[in-house]
Amino acid sequence: MTRHIFVTGGVVSSLGKGLTSASIGMLLERRGLTVRMQKLDPYINVDPGTMSPYQHGEVYVLDDGAETDLDLGHYERFTSSPLNRDSNYTTGQIYQTVIEKERRGEYLGGTVQVVPHITDEIKRCIRKLAVPGVDVVITELGGTVGDIEGLPFLEAIRQIPLDVGKENCLFVHLTLVPYLKAAREAKTKPTQHSVQQLREIGIQPDILICRTERPIGREHTDKIALFCNVEKRAVIEEVDKEFSIYEVPLGLVEHGLDELIVEKLSLSAAPLELDDYHDLIHRIRNPRHEVTIAVVGKYIDHRDAYKSIYESLDHAGFQHSTRIIVKRVEAEELERQDTDALLNGVDGVLVPGGFGMRGVDGKIQAVRWARENRVPYFGICLGMQCAVVEFARNVMHLDDANSSEFAADTQHPVICLLEEQQGIDEKGGTMRLGAQRCLLAEGSRSAMAYGTLDISERHRHRYEFNPDYREQFIHAGMVPVGTSPDGTLVEVVEIPDHPWFVAVQYHPEFRSQPNHPHPLFAGFIEAALKLRSERPRQLV
Ligand code: GLN
């Protein structure tokens, strides 16, 4: 019988529910259990693909092309649970399915209602993951308890124990215990209130995880236990981690969370295996080198807009015992200020994906600076397209070269709309999405980094390298070294006569884990380290 763990959040948003859910998943896997991870998002968008990164942070793409919430990135970085479309549902998707059924006449004669029709559909989406061989399904509920839009989801998870047995379900509630400096005290009242709200709905949490800035101690957790009707040992504090998010699982183990879950769900689990993980944390805490990487983007002041990029840089750093200092450069700043002044001293430049014209000229200047100064350059998706445009303009002297995304009437559309995209008007879920095979050229930097010529990576784009210019680029020194298996789409370009200039049409940042950094990120950081070591020491 598959067990269910539901993770809800209270008091405030951005508590790190995704991280905590992912950590629980990781700990259970390391106890030999098979886990599936899932996120339910109460907003009405069918998926986050149409939302601005300002609204929702990065859009995380899965192998099957699903555009999902960025918490799924945490799931993939912490666990080996395979994710697909069933791993992320929104209110929009749930309603869409129910309304389509209604139109087909499947409820003929009936009144279609939130309870039971919407809630049944939510339950179906959760239960879908509970297949033979899966020990635990972890379902994280987005938003905060008390949100109006979250109610149908809470009602659905309240009902699941009635369907599958109380003993097979566990409710984990994550809350905030703020520390009031003036009172010199941790405050438990907001936690009490949010649990009260849950209990009004009919959900009694089994485990409370209390996020705190500083340890709160037994006195407070015992008080929370009493007021919230939770066992004392099941009130666990999760203190902010100083070094890295990858320490979160270890903090939970210290408080016995894995054992508690195993016991409460009567799971037959193996002893916890964490040796290699302790090694990883040791490397994270004790870096021997340091490099500075400029990430040049449009949403640079938003913490989560390039989440997987920052994580992947860190992973590569872990491998090389290197602390990565990210210099976040607002692309438009490069248009206003001297490029040299902004980028001087960085050991690598990365331009991530993006959409729209704003900041593109700044990104192109960053590419030019890295190319001319022989500083390692890593272009991802739009960052690859900018590299192609820059090269066309400044090396091939095609002065008005551009992407047709930004100048439909350019004489030299070196980046143009994918053929399969012609005539597509709808915006949601219509890009070239998900995992695609790509073949690399022998001897290329990419092939050496991957250690294989046959790779698969995730995509999310509408535009591509224009094949009409292929020979001209090769002649001028920018070489397409990775293509779709039929040779038609260019997926990777490199400048062989540069210390490290690799630009990819896909998103390698969705395939990196702390213990298995993505080979291109690892190669990029290695090149940055090399540059740093060759540089004359700068006077401080
Ligand atoms: N806007 C570009 C395109 O659609 C790049 C997309 C991206 O960077 N994800 O092709």
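Criteria and cut-off values
- Residues numbered from 1 in each chain as written.
- Predicted model: local features only at pLDDT ≥ 70, side-chain atom pairs only at ≥ 80, totals over all residues.
- Heavy atoms only, no water.
- Helix = DSSP H or I, 4+ residues; strand = E, 2+ residues; numbered from the N terminus.
- Buried < 20%, exposed > 50% of the residue type's maximum accessible area, 1.4 Å probe, protein only.
- Contact = heavy atoms within 4.5 Å.
- Lys, Arg positive; Asp, Glu negative; His and termini not counted.
- Charge placed at Lys NZ, Arg CZ, Asp CG, Glu CD.
- Core = buried A, V, L, I, M, F, W, Y, C linked by side-chain atoms within 4.5 Å.
- Near = heavy atom within 4 Å.
- Polar contact = N/O pair within 3.5 Å; in protein donor to acceptor, adjacent residues only side chain to side chain.
- Areas by Shrake-Rupley, 256 points an atom, 1.4 Å probe, with all protein chains shown as cover.
- Expected span 1.5 Å × (residues − 1).
- Pairing = 2+ DSSP bridges.
- Axes fitted to C-alpha atoms, helices over the stretch in contact; angles between N-to-C directions.
- Salt bridge = Lys/Arg side-chain N within 4 Å of Asp/Glu carboxyl O.
- Parallel < 35°, antiparallel > 145°, perpendicular 65-115°, else oblique.
- Left-handed = near helix turned anticlockwise from the far one by under 90°.
- Nonpolar A, V, L, I, M, F, W, Y, C, P; charged D, E, K, R; others polar.
- Phe/Tyr/Trp six-rings, centres within 6.5 Å; stacked < 30°, edge-to-face > 60°.
- Lys NZ or Arg CZ within 6 Å of the ring centre and 35° of its normal.

Caption draft 1: Spatial organisation of the overall build of the protein. What the protein contains, in helices and strands, is 19 helices and 23 strands. When its C-alpha atoms are laid out on the principal axes, the protein stretches across 70 × 65 × 45 Å. Here the protein, with 540 residues, has 58% of them falling under the buried criterion. In the protein, the proportion of contacts linking residues at least 24 apart, taken out of those at least 6 apart, comes to 74%. Side-chain charges in the protein split into 59 positive and 79 negative, and the spacing between the mean points of these groups amounts to 5 Å.

Caption draft 2: Expanded view of unusual backbone geometry. Of the consecutive residues Val115 and Pro116, the connecting peptide bond is found in the cis state with omega at 15°. One can find Pro116 in helix H5 (residues 114–127). Residue Ser14 is not a glycine yet carries a positive backbone phi of 60°. Tracing the chain through its elements places Ser14 in the loop between strand S1 (3–9) and helix H1 (17–29). Non-glycine residue Ser266 carries a positive phi angle of around 45°. On the secondary structure map, Ser266 appears in the loop between helix H10 (257–264) and helix H11 (275–285). Residue Ser266 is classed as exposed on the basis of its relative accessible area, which comes to 55%.

Caption draft 3: Representation of the nonpolar core within the structure. Within the largest apolar cluster, 57 residues are counted, with the highest numbers of intra-cluster contacts made by Ile5, Leu28, Ile138, Ile207, Ile261 and Tyr277. The element contributing the most residues to this core is H1, with six residues. Sequence-distant contacts of Ile5, defined by excluding residues within four places in its chain, comprise Ile24, Leu28, Val136, Val137, Ile138, Thr139, Leu170, Val172, Ile261 and Leu265. With 43 residues, the next largest nonpolar core counts Ala294, Ala370, Met396 and Tyr469 among its residues.

Caption draft 4: Seen up close, the site of the ligand. Around the ligand sit Gly353, Gly354, Phe355, Cys381, Leu382, Gln385, Glu405, Arg460, His461, Arg462, Tyr463 and His507, and those are all the residues in its vicinity. Within the contact set of the ligand, an oxygen atom lies 3.0 Å away from a backbone nitrogen or oxygen of Arg462. Here a nitrogen atom of the ligand and a side-chain polar atom of His507 are 3.3 Å apart. In the complex, the protein chains occlude 99% of the 300 Å² of accessible area that the ligand would expose alone. At the level of secondary structure, the elements contributing two or more residues to the shell around the ligand comprise helix H16 (382–394) and strand S19 (454–461).

Caption draft 5: A look at helix H12 (residues 307–319). In this model, H12 (13 residues) spans 19 Å end to end at C-alpha, consistent with the 18 Å of a helix rising 1.5 Å per residue. Counted residue by residue, H12 has eleven buried out of 13 residues, so it is predominantly covered. With its phi angle positive at about 50°, Ser321 sits one or two positions after the end of H12.

Caption draft 6: A look at the sheet that holds strand S20 (residues 463–465). Spatially, three strands are ordered S16-S17-S20 in an open sheet, and the strand pairing comes out mixed. Each having just a single partner strand, strand S16 (402–403) and S20 make up the two edges of the open sheet. Two elements, strand S17 (residues 413–417) and S20, share three bridges in a ladder whose sense is antiparallel. Across the sheet, Leu417 pairs through a bridge with Tyr463, a residue of S20. Sheet strands in contact with H16 are S16, S17 and S20, and its direction is about 150° off that of S17.

Caption draft 7: Broad picture of the pattern of salt bridges. For the structure shown, the criterion picks out 40 salt bridges. The partner of Asp41 in a salt bridge is Lys39, and the shortest N-O contact between them spans 3.2 Å. Accessibility expressed as a relative area gives 5% for Lys39, which makes it buried. Close ionic contact of Glu140 with Lys39 constitutes a salt bridge, the shortest N to O distance being 3.9 Å.

Caption draft 8: Local environment of the pairing of strand S7 (residues 169–176). Taking burial as the measure, the eight residues of S7 include seven buried ones, the bulk of the element. Note: S1 against S7, six bridges, orientation parallel. Pairing of Gly9 across the sheet is with Leu174, part of S7.

Caption draft 9: Focus on the side chain of Glu509. Within the element layout of this structure, Glu509 appears in the loop between strand S23 (501–504) and helix H19 (519–534). Arg460 is the oppositely charged side chain nearest to the buried, salt-bridge-free Glu509, at an N-O distance of 8.6 Å.

Caption draft 10: Representation of the sheet that holds strand S6 (residues 136–141). Taken in spatial order, the seven strands line up as S5-S2-S6-S1-S7-S10-S11 in an open sheet, and their pairing is parallel. The outermost strands of the open sheet, each flanked by one partner alone, are strand S5 (88–90) and strand S11 (235–239). When the angles between neighbouring strand axes are averaged without regard to direction, this sheet yields 20°. Its contacts with the sheet place helix H7 (residues 189–201) against S1, S7 and strand S10 (207–212), and it is angled at close to 145° to S7.

Caption draft 11: Local environment of the packing of helix H15 (residues 360–372) against H16. Contact pair H15 / H16: the axes reach a minimum separation of 9 Å and the direction vectors enclose 70°. On the basis of their axis angle, the class for H15 and H16 is roughly perpendicular. Note on packing geometry: the crossing formed by H15 with H16 is right-handed. Contact residues: H15 offers Val360, Asp361, Lys363, Ile364, Val367, Arg368 and Arg371, while H16 offers Leu382, Cys386, Ala387, Val389, Glu390, Phe391, Arg393 and Asn394. Class assignment of the residues belonging to the contact of H15 with H16 gives a composition of eight nonpolar, one polar and six charged.

Caption draft 12: Quick look at the side chain of Ser403. Note that Ser403 resides in strand S16. Beyond its immediate sequence surroundings of up to four residues, Ser403 is in contact with Val389, Ile415 and Tyr463.

Caption draft 13: Representation of the packing of aromatic side chains in the model. Enumeration over the complete set of coordinates arrives at 14 aromatic pairs. Look at Phe378 and Phe524: their rings are 5.4 Å apart centre to centre, the planes differ by 55°, and that puts the pair in the tilted class. With Phe378 in strand S15 (residues 377–380) and Phe524 in helix H19, the pair connects residues that are 146 residues apart, well separated along the chain. Take Phe378 and Phe524: they sit in the same class, and that class is buried. Taking NZ or CZ as reference, Arg214 lies 3.7 Å from the ring centre of Tyr179, over its face.

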